[in-house]
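Chain by chain, the residues run as shown.
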Amino acid sequence: ETGVTQSPTHLIKTRGQQVTLRCSSQSGHNTVSWYQQALGQGPQFIFQYYREEENGRGNFPPRFSGLQFPNYSSELNVNALELDDSALYLCASSLGQAAEKLFFGSGTQLSVL
Amino acid sequence: GNSVTQMEGPVTLSEEAFLTINCTYTATGYPSLFWYVQYPGEGLQLLLKATKADDKGSNKGFEATYRKETTSFHLEKGSVQVSDSAVYFCALSVNTGFQKLVFGTGTRLLVSP
């Protein structure tokens, strides 16, 4: 077990709604990254937060946004949900923004109907 | 751009068989290379990594060698166990000031007794 916890574990939403996913990073880690894993695919990088600032972003539209709090926990917000947003969302924490070892949570399975 | 290509699965083996999962990459710069494993219902776990050409990463009987000349990082294990059944992801990162992993699509390994 990595110490990275995500909530909720499963979520069902309808198209057009908004969703917030949460992540508690491993103790002492100041960097959080979010990945989207569609069924049968590898995870894709959404963005990374380091010390409460977004410092890297993948090829995702602005309706994907995030926050990192002073305790280094994080949220991923997705507005105007689309059917293709259905996926497993993984949070990973690390110590330092360029750290090579990431610790992943078990993910939140989002289904958009 | 940066990308990773893995052999398609599933790979089905009997216990104690030899395992090879092929992985090739395309990258600008000098990437670090990783193998992650995902057990059912869990997040990704780092299995091994290599940060420069000719490095060999190893862990739990698995090993992979960073081959710059063939842009490959094939995963091998001499004798698989039923407990090795999982999805294996090859990934790379290029230091851009933040940590972004680029994953392959994953290879499912099924080991039967």
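Everything here concerns the structure above.
About the thresholds
- Residues numbered from 1 in each chain as written.
- Chains lettered and ligands numbered in written order.
- Predicted model: local features only at pLDDT ≥ 70, side-chain atom pairs only at ≥ 80, totals over all residues.
- Heavy atoms only, no water.
- Helix = DSSP H or I, 4+ residues; strand = E, 2+ residues; numbered from the N terminus.
- Rg over C-alpha atoms; globule rule 2.2 N^0.38 Å.
- Buried < 20%, exposed > 50% of the residue type's maximum accessible area, 1.4 Å probe, protein only.
- Areas by Shrake-Rupley, 256 points an atom, 1.4 Å probe, with all protein chains shown as cover.
- Lys, Arg positive; Asp, Glu negative; His and termini not counted.
- Charge placed at Lys NZ, Arg CZ, Asp CG, Glu CD.
- Salt bridge = Lys/Arg side-chain N within 4 Å of Asp/Glu carboxyl O.

Novice: How should the overall build of chain A be read in this particular structure?
Specialist: Helix and strand content of chain A: zero helices and 11 strands. Ordering the α and β elements of chain A from the N terminus gives β-β-β-β-β-β-β-β-β-β-β. Radius of gyration (C-alpha) of chain A: 13 Å, near the 13 Å computed for a compact globule of 113 residues. Its C-alpha atoms put chain A at 35 × 30 × 25 Å along the principal axes. Taken over 113 residues, chain A has a buried fraction of 51%. By element, 48% of the accessible surface of chain A is carried by carbon and sulfur atoms, the whole surface being about 5,300 Å². Charge separation in chain A, taken as the distance between the mean sites of 7 positive and 9 negative side-chain charges, equals 4 Å.

Novice: Please explain the pattern of salt bridges as it appears in this structure.
Specialist: Pairs may arise between side chains of opposite charge once their charged atoms sit close together. Following the criterion strictly, the structure yields seven salt bridges over all chains and no others. When the shortest N-O distance is used, the salt bridge between A:Glu82 and A:Arg63 registers 3.3 Å. In this pair, A:Glu82 sits in the loop between β8 (74-78) and β9 (87-94) while A:Arg63 sits in the loop between β6 (53-57) and β7 (64-68), placing the two residues 19 residues apart along the sequence. When its relative accessible area of 16% is taken as the criterion, A:Arg63 is described as buried. For B:Asp55, the salt bridge identified is with B:Lys52, shortest N-O distance 3.3 Å. A residue is classified by how much of its surface remains accessible, and B:Asp55, at 21% relative accessible area, is partly exposed. Beyond isolated ion pairs, a larger network of salt bridges with shared partners links A:Arg63, A:Glu82 and A:Asp85.

Spatial relationships are all this shows, so hold off on functional conclusions.
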